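# Structural description and commentary
This is what each chain is made of:
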Amino acid sequence: MEVLFLGKGNDCRPLLAEAIFNHLAPAGSRARRVGCDQPCASSAEVLALLERQGICAQQGTAGCTDEGVDPGEVVITVCSAGNGAGCPHCRPGTQHAHWGVHDPLQRRFGARACNDAELIDVYHILRARIERLLALVQSGADADGPRLHRELERIGKFLP
């Protein structure tokens, strides 16, 4: 299974999802991340959390708005609002799901510092959802497009 995690630029959620998926996924499955409005940059806070969890993450920026979806790739948006509408990567015919979760690194009015508890909460939400996705892959459910879509949507509502 190939998965594309989408978020806004400088958003930590696609980086978390990509790193968790690639850490847990079986051979032959992979994830990448893309920013809908600009490339997704790595965050020192996120990289430190992943390291504490024993997960190696790709540093730097990954993906940009003009990268396309690979054939057969599942697109998962992780923004807290919307469902991918208007995103250039969510084209008709693309297997797409929305797994909205809040952005723990969003700085309101330039004064909000990173809240480690919020970051850990988002990590656990994404990890639980990815574990459910990988269980689908192991069961072979990813071969049934309509069932996969229903299950992806259901997973996106799951909170551990």
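Above this text sits the structure in question.
Everything numeric here is computed off the predicted structure, so don't read it as measured data.

A few words on the pairing of strand β2 (residues 30-35). Counted residue by residue, β2 has five buried out of six residues, so it is predominantly covered. In this sheet, β2 lies alongside strand β1 (residues 2-7) in parallel orientation, the contact comprising six bridges. In the strand pairing of β2, G7 is matched with G35.

Using the criterion set out here, one finds six salt bridges in the structure. Among the ionic pairs, R33 bridges to E18, the shortest N-O distance being 2.2 Å. Note that R33 is positioned in strand β2 and E18 in helix α1 (residues 12-24), a separation of 15 residues in sequence. Relative accessible area serves as the criterion here: at 1%, R33 is assigned to the buried category.

With that settled, the discussion passes to the environment of L4. Mapped onto the elements of the fold, L4 is located in strand β1. L4 sits 14 residues away from E18 along the chain, and the two C-alpha atoms are 8.0 Å apart.

Where helix α2 (residues 44-52) contacts helix α3 (residues 116-139), the axes come no closer than 11 Å and their chain directions differ by 60°. The angle between the axes of α2 and α3 places the two elements in the oblique class. Handedness of the crossing formed by α2 with α3: right-handed. Packed against α2, whose contacting residues are E45, V46, L49, L50 and R52, the element α3 presents D116, L119, I120 and Y123 at the interface.

Before going further, it helps to spend a moment on the sheet that holds strand β3 (residues 74-77). Strand order in the open sheet formed by four strands is β2-β1-β3-β4, and the pairing between neighbours is parallel. The sheet is open, and its two borders are formed by β2 and β4 (96-98), each paired with just one other strand. Neighbour-to-neighbour, the strand axes of the sheet open up by a mean angle of 25°, direction not taken into account. On top of the sheet, α1 reaches β1 and β2; it is set at about 170° to β2, its chief contact.

Mapped onto the elements of the fold, E73 is located in the loop between α2 and β3. Classification of E73 as buried rests on a relative accessible area of 3%. Of the polar contacts made by the side chain of E73, one reaches the side chain of R32; its length is 2.9 Å.

Cut-offs applied
Residues numbered from 1 in each chain as written. Predicted model: local features only at pLDDT ≥ 70, side-chain atom pairs only at ≥ 80, totals over all residues. Heavy atoms only, no water. Buried < 20%, exposed > 50% of the residue type's maximum accessible area, 1.4 Å probe, protein only. Helix = DSSP H or I, 4+ residues; strand = E, 2+ residues; numbered from the N terminus. Pairing = 2+ DSSP bridges. Salt bridge = Lys/Arg side-chain N within 4 Å of Asp/Glu carboxyl O. Axes fitted to C-alpha atoms, helices over the stretch in contact; angles between N-to-C directions. Parallel < 35°, antiparallel > 145°, perpendicular 65-115°, else oblique. Left-handed = near helix turned anticlockwise from the far one by under 90°. Contact = heavy atoms within 4.5 Å. Polar contact = N/O pair within 3.5 Å; in protein donor to acceptor, adjacent residues only side chain to side chain.

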